[in-house]
Amino acid sequence: MIDVDADGVVAFTQALVRIPSTNDPARGRAERPAAELVEAKMREWGWDPVVYEVEPGRPNVVAVVEGGGGDGPTLMFEGHTDVVTEGDLSTWTVDPFGGEIRDGKLWGRGSADMKSGLAATLYATRALQQAGPFPGRIKVCALADEEGLMIGAHHFVAEGLAADVDGAIVAEPEAGEICAVAKGALRLRVDLTGKMAHGAMPQHGRNPVPAAGALLAGLAALQDELQKRHPAHEHLGAVYVTPTVLRAGSEEQVNVIPAVASVFVDVRTIPGVDHQEIAGRVAALAGGDGITAEVAVLVDRPPVDVPVTDPVVAALAAAHRAVTGEEPVYGGVPGSTDGTVLTHWGGVPSVVYGPGGKWIAHQSDEYVEVAEIVRCTRVFAEAAHRFLNGTH
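As the structure is a computational prediction, the values presented were derived from the model and not from experiment. (Residues numbered from 1 in each chain as written. Predicted model: local features only at pLDDT ≥ 70, side-chain atom pairs only at ≥ 80, totals over all residues. Heavy atoms only, no water.)

Enquirer: What is the right way to read the overall build of the protein from this model?
Expert: Looking only at helices and strands, the protein features nine helices and 18 strands. Taken over C-alpha atoms, the radius of gyration comes to 23 Å for the protein, in line with the 21 Å a tight globule of 392 residues would show. Counting only C-alpha atoms, the protein reaches 80 × 45 × 40 Å along its principal axes. Residues classed as buried in the protein amount to 54% of the 392 residues present. Taking all contacts inside the protein whose residues are at least 6 apart in sequence as the whole, residues at least 24 apart take part in 81%. In the protein, which carries 30 positive and 52 negative side-chain charges, the distance between the mean positions of the two groups comes to 2 Å. (Helix = DSSP H or I, 4+ residues; strand = E, 2+ residues; numbered from the N terminus. Rg over C-alpha atoms; globule rule 2.2 N^0.38 Å. Buried < 20%, exposed > 50% of the residue type's maximum accessible area, 1.4 Å probe, protein only. Contact = heavy atoms within 4.5 Å. Lys, Arg positive; Asp, Glu negative; His and termini not counted. Charge placed at Lys NZ, Arg CZ, Asp CG, Glu CD.)

Structure (structure tokens):
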């Protein structure tokens, strides 16, 4: 088994958690300090990372570690440096950016999602490098903005950096599950436009609010239809069509019929569901009776469905078995990750696996088990060894 620096990966996770790398310009926060810490660690080990400024203060950090053992595939380890906001501090019992270790757990925002996973990818690569030559290379990537529009992953693909990657392991928290499938996300904005008028004389206007109500009913029927046509996925569950934001008029002018009402819809899909068809169906449901409708696609992330027989998934499963002594459990990602971008737009087979509970992300008192950080680091090192040597 490849020896890893257990104390080092835990301490580095703590250092990352202590950096409040939320995307919060109002408080002067972004990913740069966390990215700089990653870059410094890479340089300390003699790596030659390249920093790509995706947006001001929001860099990607990419290092290619050659194995020195001849030709071979390219494995990508991927993590993100941003975290969601800590939210209401009164709901925390620990400092969200303290990186405290207590009761065998490392506490803080991003401890699970996903600074421990990012740290594990760096230390696993370093362990494999120190263990001796290996064929091929590892591309270690710390990307920006996974929690937002995934501009870091999109930039990575647009720069052609995914073109030579044969497989990617995305270190999101999945509680030990190997997730080669992920739900798709389609987010829509529907603007319903009528005609403004006085509330006392509605006959002179065209009210878009009832049209919004009709649309909501239509969305519920559409969800029922899709769920009947596409039975729940073994790992991902059902298709959902969820209205999340409804906007019209103003409470200061209750006596005014608004000209525009907007409905925002969050659609979560499984393999086999066509996003373009859904957008078209929503457009067909909207408007009518003098109300015009415009549908804008805000986010379009198709589902990921990588076969468990793919070399990167098989290598990870074999590594999990070798390190833990347990048979791998396969699961699915309930949301989308940077792996969605890498697979759909970059053509890279991706699999998600990393330290931390599957449902702990974005909650108060976020934590990760210290032992799980070390265990995942060992699994990553073994998975890289097997993938690059073709012994999965």
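Enquirer: Would you mind showing me how to read the packing of helix α2 (residues 32-44) against helix α3 (residues 111-131) here?
Expert: Helices that pack against each other are described as a pair by the angle of their axes relative to one another and the distance between those axes. Packing of α2 against α3 brings their axes to within 11 Å, and their N-to-C directions diverge by 15 degrees. On the basis of their axis angle, the class for α2 and α3 is roughly parallel. α2 and α3 meet at a crossing whose hand is right-handed. Residues Val38, Lys41 and Met42 of α2 touch α3, and the partners they reach there are Leu118, Leu122 and Tyr123. Considered class by class, the residues forming the contact of α2 with α3 number five nonpolar, no polar and one charged. (Axes fitted to C-alpha atoms, helices over the stretch in contact; angles between N-to-C directions. Parallel < 35°, antiparallel > 145°, perpendicular 65-115°, else oblique. Left-handed = near helix turned anticlockwise from the far one by under 90°. Nonpolar A, V, L, I, M, F, W, Y, C, P; charged D, E, K, R; others polar.)

Enquirer: Can you walk me through the environment of valine 64 in this structure?
Expert: Structurally, valine 64 can be placed in strand β2 (residues 58-66). We classify valine 64 as partly exposed; its relative accessible area is 40%. Separated by 62 residues in the primary sequence, valine 64 and isoleucine 2 have C-alpha atoms spaced 20 Å apart. Those residues in contact with valine 64, other than ones at most four positions away along the chain, are Arg137, Ile138 and Lys139.

Enquirer: What am I meant to see in the nonpolar core here?
Expert: Soluble globular proteins tend to pack their nonpolar side chains together in the buried interior. Ranked by size, the top nonpolar core spans 81 residues in total, and within it Val38, Leu122, Phe156 and Ile169 carry the most contacts. Top contributing element to this core by residue count: helix α9 (residues 370-389), with eleven residues. Aside from chain neighbours lying at most four places away, what touches valine 38 is Phe12, Leu16, Val61, Leu118, Leu122 and Ala142. Val239, Val267, Ile278 and Ala286 belong to the second-largest nonpolar core, a separate cluster that totals 25 residues. (Core = buried A, V, L, I, M, F, W, Y, C linked by side-chain atoms within 4.5 Å.)

Enquirer: Can you walk me through the pattern of salt bridges in this structure?
Expert: Should the charged atoms of two oppositely charged side chains come close, the side chains can pair. What the rule picks out here adds up to 24 salt bridges. A salt bridge links arginine 58 to aspartate 145; its shortest N-O distance comes to 3.0 Å. Taken as a pair, arginine 58 in strand β2 and aspartate 145 in the loop between β6 (137-143) and α4 (151-158) lie far apart in primary sequence, 87 residues in all. A relative accessible area of 4% places aspartate 145 in the buried class. (Salt bridge = Lys/Arg side-chain N within 4 Å of Asp/Glu carboxyl O.)

Enquirer: Help me out: how do you make sense of the sheet that holds strand β13 (residues 260-269) in this one?
Expert: In a beta sheet, neighbouring strands pair by backbone hydrogen bonds and run either parallel or antiparallel. The antiparallel open sheet is built from four strands, whose spatial order is β11-β13-β9-β14. Pairing within the sheet leaves two strands with one partner each, and these edge strands are β11 (240-248) and β14 (292-301). In this sheet, neighbouring strand axes are inclined to one another by 20 degrees on average, regardless of whether the strands run parallel or antiparallel. Pairing of strand β9 (residues 184-193) with β13, which is carried by ten bridges, proceeds in the antiparallel orientation. Across the sheet, residue arginine 189 finds its bridge partner in β13, namely phenylalanine 264. In the packing of helix α5 (residues 208-229) onto the sheet, contacts are made with β9, β11 and β13, and the angle to β11 comes to roughly 170 degrees. Most of the contacts of helix α6 (residues 275-285) go to β9, to which it runs at about 20 degrees, and overall it touches β9, β13 and β14. (Pairing = 2+ DSSP bridges.)

Enquirer: What is the right way to read unusual backbone geometry from this model?
Expert: What you tend to see is this: most non-glycine residues have negative phi, and most peptide bonds are trans. The peptide bond linking aspartate 113 to methionine 114 adopts the cis configuration, its omega dihedral lying at -10 degrees. Within the secondary structure layout, methionine 114 lies in helix α3. The phi dihedral of aspartate 145 falls on the positive side, at around 65 degrees, and the residue is not glycine.

So far we have only geometry, and geometry alone does not tell us how the molecule works.
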